[in-house]
Amino acid sequence: MLRIKRRRRNESNSSAKTGQLMNLSLFIMLLAFFIVLNSLSSYEPQLVSPIVESLETTFAKDPQKKDIAASVTPDPVNSVNEGDTFERIDALFQAQIISYKKTVSSNRGYMIIKLPLEKFSSAIMAAGQRDLTKMRAVRNPRGNFMVPTLVSILKSDKKGVTYRMNILVQVPENPAHYQNQNPARMAAMMKRGSALTEKLEQGGFPQKLLNIGVKKGDPEIVELVFQPHIPFSPVEEKEEGAE
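Read on for a plain summary of the structure. These numbers were taken from a predicted model, which means no experiment stands behind them. Residue indices begin from 1 for each chain and proceed along its sequence in written order. A pLDDT threshold of at least 70 governs which residues receive local features in this predicted model, and a stricter bar of 80 or more applies before side-chain atom pairs are shown or counted, although totals over entire chains, interfaces and linings include all residues. Derived side-chain values reflect all non-hydrogen atoms in the structure, with water molecules and hydrogen atoms excluded from consideration.

1. Brief notes about helix H7 (residues 183–202)
Link 1 in the chain: Think of it this way: any DSSP run of H or I at least four residues long counts as a helix, any run of E at least two long counts as a strand, and we number them from the N terminus. The span expected for a helix works out to 1.5 Å for each residue beyond the first. Compared with an ideal rise of 1.5 Å per residue, which puts 20 residues at 28 Å, H7 spans 28 Å between its outermost C-alpha atoms and is within 8% of the ideal.
Link 2 in the chain: Burial status follows relative accessibility: with a 1.4 Å probe on protein chains alone, a residue under 20% of its type maximum counts as buried, one over 50% as exposed, and anything between as partly exposed. Listing the buried residues of H7 in full gives Met186, Met189, Gly193, Leu196, Thr197 and Leu200. Within H7, the buried residues cover an arc of 95 degrees as seen down the axis, which keeps them to one side. Those residues of H7 that are exposed and angled more than 90 degrees off the buried face are Ala184, Lys191 and Gln202.
Link 3 in the chain: Just past H7, the residue Gly204 takes up positive phi, approximately 105 degrees. Throughout, the arc means the angular range of directions from the helix axis out to the C-beta atoms.

2. What about a nonpolar patch on the surface?
Link 1 in the chain: On the surface, Leu24, Phe27, Ile28, Leu31 and Ile35 cluster together to form a nonpolar patch covering roughly 520 Å² of accessible area.
Link 2 in the chain: Locating Leu24 in the fold gives a position in helix H1 (residues 2–40).
Link 3 in the chain: Judged by relative accessible area, which is 48%, Leu24 ranks as partly exposed. Like-charged residues within 9 Å of one another, or nonpolar side chains (Val, Leu, Ile, Met, Phe, Trp, Tyr) within 5 Å, are grouped into patches, provided each residue has over 30% relative accessible area and no salt bridge. Surface exposure here means Shrake-Rupley accessible area, sampled with a 1.4 Å probe, where a residue is shielded only by the protein chains that are shown. The salt bridge definition used is simple: a Lys or Arg side-chain nitrogen within 4 Å of an Asp or Glu carboxyl oxygen.

3. Focus: the pairing of strand S2 (residues 110–116)
It is a general feature of regular strands that their side chains alternate between the two faces of the sheet.
Link 1 in the chain: Strand pairing is assigned whenever DSSP identifies at least 2 bridges connecting the two strands. Looking at chain direction, strand S1 (residues 101–105) and S2 are connected through five bridges and run antiparallel. Bridge pairing in S2 links Lys102 to Ile113.
Link 2 in the chain: Between the end of S1 and the start of S2, which pair antiparallel, lie four residues, with Gly109 showing a positive phi angle near 75 degrees.
Link 3 in the chain: Where S2 and strand S5 (residues 221–228) come together, six bridges link them in antiparallel fashion. When the sheet's bridge partners are listed, Leu115 is paired in S5 with Val222.

4. With respect to the packing of aromatic side chains
The way to describe two aromatic rings as a pair is by their centre distance and the angle between their planes.
Link 1 in the chain: Only Phe, Tyr and Trp rings are paired, with Trp represented by its six-membered ring, and only when their centres lie within 6.5 Å; those with planes under 30 degrees apart are stacked, over 60 edge-to-face, the remainder tilted. Following the criterion strictly, the structure yields three aromatic pairs and no others.
Link 2 in the chain: The interplanar angle of 70 degrees and the centroid separation of 5.3 Å between the aromatic rings of Phe33 and Phe34 together place this pair among those described as edge-to-face.
Link 3 in the chain: Residue Phe33 is classed as partly exposed on the basis of its relative accessible area, which comes to 48%.

5. Observations concerning the pairing of strand S3 (residues 163–171)
Link 1 in the chain: The buried fraction of S3 is high, at nine of nine residues.
Link 2 in the chain: On S3, burial covers both faces: Tyr163, Met165, Ile167, Val169 and Val171 on one face and Arg164, Asn166, Leu168 and Gln170 on the other are all buried.
Link 3 in the chain: Here six bridges tie S3 to S5, and the two strands are oriented antiparallel to one another. Looking at S5, one finds that Ile167 is bridged to Leu224.
Link 4 in the chain: Examined bridge by bridge, S3 and strand S4 (residues 210–216) share seven bridges and lie parallel to one another. When the bridges of S4 are listed, Val171 appears paired with Lys216.

6. Examining the environment of Leu209
Link 1 in the chain: Here Leu209 lies in the loop between H7 and S4.
Link 2 in the chain: When the C-alpha positions of Leu209 and Asn166 are compared, they lie 8.2 Å apart, and in sequence the two are 43 residues distant.
Link 3 in the chain: The residues contacting Leu209, other than those within four sequence positions of it, are Thr162, Tyr163, Arg164, Met165 and His229. Here a residue-residue contact requires only that any non-hydrogen atoms of the pair lie within 4.5 Å.

7. Side note on the sheet that holds S3
Link 1 in the chain: Spatially, five strands are ordered S1-S2-S5-S3-S4 in an open sheet, and the strand pairing comes out mixed. The open sheet terminates on both sides in strands that have one partner only, identified here as S1 and S4. The average angle at which neighbouring strand axes cross in this sheet is 20 degrees, direction not considered.
Link 2 in the chain: Contacts from helix H4 (residues 117–125) reach S2, S3 and S5, with the element oriented near 100 degrees to S2. Fitting a line to C-alpha atoms yields each axis, with helices limited to the stretch in contact; the angle taken between N-to-C directions then spans 0 to 180 degrees.

8. A closer look at the nonpolar core
Link 1 in the chain: Throughout, nonpolar core names a set of buried Ala, Val, Leu, Ile, Met, Phe, Trp, Tyr and Cys residues whose side chains join them through atoms within 4.5 Å. Membership of the largest hydrophobic core comes to 37 residues, with the highest contact counts inside it found for Phe93 and Phe226.
Link 2 in the chain: Where this core is concerned, the elements lending two or more residues are helix H3 (85–96), S2, H4, helix H5 (146–155), S3, H7 and S5.
Link 3 in the chain: Looking at this core element by element, the count peaks at six residues for H5.
Link 4 in the chain: The contact partners of Phe226, leaving out residues within four places of it in the chain, are Phe86, Ile89, Phe93, Gly109, Tyr110, Met111, Ile113, Leu150, Leu154, Arg164 and Met165.

Coordinates in, geometry out; function isn't part of it.
And the structure:
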């Protein structure tokens, strides 16, 4: 009787070891399969982007905030397709202008960029511009791409928020006083600003999302203010007035 029990115990131990060996073999086979599959696969940013956006929207801490995507691309050129609108604009100016100052207020929802008027004018007026948002990932692209890329960023925000751009040219004195004392210089400044807005509109920038103004400051610096566009609604104005 003792011999029979020992034989059964040895058979059960052998069966357990065989099962473990089969499980280990299956694991190694699956691991090898996925390693080969990964080596043969390719990355398509245009296909991955919608999935990432969906995950960001689904797992966002505050679902009410639409413009919350995080920047994930370190290269400024390729970052024009990643992150929220302000991050994409920042990436565009890093790639095209380089020298500028920015102020971002997420709470108030605006971004201010100050840069040399000559550099901004050169970038806007340059011929043969391309849209970086419609190009595949490239490193150090040559040429100019300010206008079409900026238009694409502001018109087709990924989170459904439409932004407008205010261009503020600057004069050394109070604008009204400067107009009275130097009408010719003021006219020349406004003519230059109008040429910039006209070039932007020719590049596809909607007129309702573009505005130009004058403020006191350094005439060699232009100030750009980006903020959400709130369409005017006469119906809402009437309802507020009635209350």
